[in-house]
Amino acid sequence: MVLLNKVMLSYCSVPPIALGVQFWNNPERSGWLLKQGEYIKTWRRRWFVLKEGHIFWFKENYLSRNSKPRGVILVRNCLTVKGAEDVLNKQFAFELSTSKETMYFIADTDKEKEDWINSIGRSIVRHSNSVTDEEILDYDSRRSS
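None of these values were measured; they are calculated from a predicted model.

Caption draft 1: Geometry of the overall build of the chain. The helix and strand tally for the chain stands at four helices and eight strands. Reading the helices (α) and strands (β) of the chain from amino to carboxyl end gives β-α-β-β-β-β-β-α-β-β-α-α. Going through the 145 residues of the chain one by one, you find that 39% of them count as buried. The long-range share in the chain, meaning contacts at least 24 apart out of those at least 6 apart in sequence, stands at 49%. Here the chain has roughly 8,900 Å² of accessible surface; of this, 48% comes from carbon and sulfur atoms.

See the structure below:
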């Protein structure tokens, strides 16, 4: 699999901006998901953590400041997150897409799938590169000037 255009990075090259994220402390969402391996396309169970516009994954669910992520996805480069049961023909599947790549995940239950989709969707809106500060027009501030 092509690395999500450098969006998805191996744990050996976690981007410096991600190093400041305290993923072990109060994540926005965390839990077990299945994801396909990068080279060998088997499904592997990984512990995922969503925090501050980053989706980290680990082999274990016990995390500390010394834990090493196996990978990270920068949410600001993601465009959509949606169910993918029809695409994969697997229950509780969902997909996360960038302009270059689509990654697939499988949750344990329908509720967990929906919770991940909702949490990632909110994070995409908060951290999106699609609207820059210069493109935001604040009508209230224009009226008072």
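Picking up where we left off.
Caption draft 2: Fine view of the side chain of S123. Within the secondary structure, S123 sits in helix α3 (residues 110-127). Beyond its immediate stretch of four places on either side in the chain, S123 contacts E28, L50, G53 and V75.

Caption draft 3: The arrangement of the pairing of strand β5 (residues 71-74) in detail. Covered by surrounding structure in β5 are G71 and I73 together with V72 and L74, the residues of both alternating faces. Across four bridges, the pairing between strand β4 (residues 54-58) and β5 is antiparallel. Looking at β5, one finds that I55 is bridged to I73.

Caption draft 4: Main features of the confidence of the model for the chain. When pLDDT is averaged across the chain, the result is 82; 75% of the residues are at 70 or more. Per-element confidence in the chain ranges from a low mean pLDDT of 40 for strand β1 (residues 8-10) to a high of 97 for strand β3 (residues 43-51). Low pLDDT, under 50, characterises residues 1-12; the stretch is placed with 32 contacts to residues that sit more than four places away or in other chains.

Cut-offs and rules
Note that residues are indexed from 1 along each chain, following the sequence as it is written. Selection of residues for local features in this predicted model requires a pLDDT of at least 70, selection of side-chain atom pairs for listing and counting requires 80 or more, and totals for whole chains, interfaces and linings are taken over all residues. Calculated side-chain values reflect all of the structure's heavy atoms, with hydrogen atoms and water omitted. Helix and strand assignments follow DSSP, with helices taken as H or I runs no shorter than four residues and strands as E runs no shorter than two, numbered in order from the N terminus. Buried means the residue's accessible area, taken with a 1.4 Å probe over protein chains only, is under 20% of the maximum for its type, while exposed means over 50%, and partly exposed covers the values in between. We call two residues contacting when some pair of their heavy atoms lies within 4.5 Å. Note on areas: Shrake-Rupley with a 1.4 Å probe; residue coverage comes only from the protein chains shown. Note on pairing: two strands pair once DSSP finds at least 2 bridges between them. Per-residue confidence from the prediction method is given by pLDDT, with values spanning 0 to 100.

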